[in-house]
Amino acid sequence: LVFLLSDTMMPGDGNRPPRLSRSHSFDTGAAWAQLALQATSLGYQAHAMAGIDFEQTQEKLFVPERFRVEIAIAIGKSTDPSVLPPELQEREQASQRLSLNEIAFAGLFQQ
């Protein structure tokens, strides 16, 4: 299991003091995308999981407050679902994806 963290602060550089990062989550998302692509190219599967206890993860891993736990990722090889326990076999179903027109649109936001 891999945890991706983001640094919520931009370091100072002598001319400017440290400041909040506006892109830390975006940067971590880009890192996740590259990790998933690399895993796939090496014959692995990468599965991101947002259903974790973020506060407990931060605490148990002694993550400093300036960092944010963004996501957990499981990386492994696919196998036949028949080797799974029955309760996990039941969960092995394709997820229902929303259609493109349900998640994207052209133009301005409408209230």
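I will try to describe carefully the structure that is included in this document. (Residues numbered from 1 in each chain as written. Predicted model: local features only at pLDDT ≥ 70, side-chain atom pairs only at ≥ 80, totals over all residues. Heavy atoms only, no water.)

## Comments concerning the pattern of salt bridges
Considering all chains together, one arrives at three salt bridges under this definition. As a salt-bridge pair, Glu70 and Arg68 come within 3.6 Å of each other at their nearest N and O atoms. Under the relative-accessibility criterion, Glu70 is labelled buried at 15%. Judged by relative accessible area, Arg68 falls into the partly exposed class, the value being 42%. (Salt bridge = Lys/Arg side-chain N within 4 Å of Asp/Glu carboxyl O. Buried < 20%, exposed > 50% of the residue type's maximum accessible area, 1.4 Å probe, protein only.)

## Regarding the layout of surface pockets
Estimates place the volume of the largest pocket at around 580 Å³. Every residue lining the largest pocket is counted, 15 residues in all, and those nearest its centre are His47, Ala74, Lys77, Leu84 and Glu92. Counting only elements with at least two residues in the lining of the largest pocket, the list comes to β4 (45-49) and β5 (67-76). (1 Å grid on protein atoms, 1.4 Å probe; cavity = no way out; pocket = protein on both sides within 12 Å on 5 of 7 lines; lining within 4 Å. Points joined across faces, edges and corners; volume = space filled by probe spheres on them. Helix = DSSP H or I, 4+ residues; strand = E, 2+ residues; numbered from the N terminus.)

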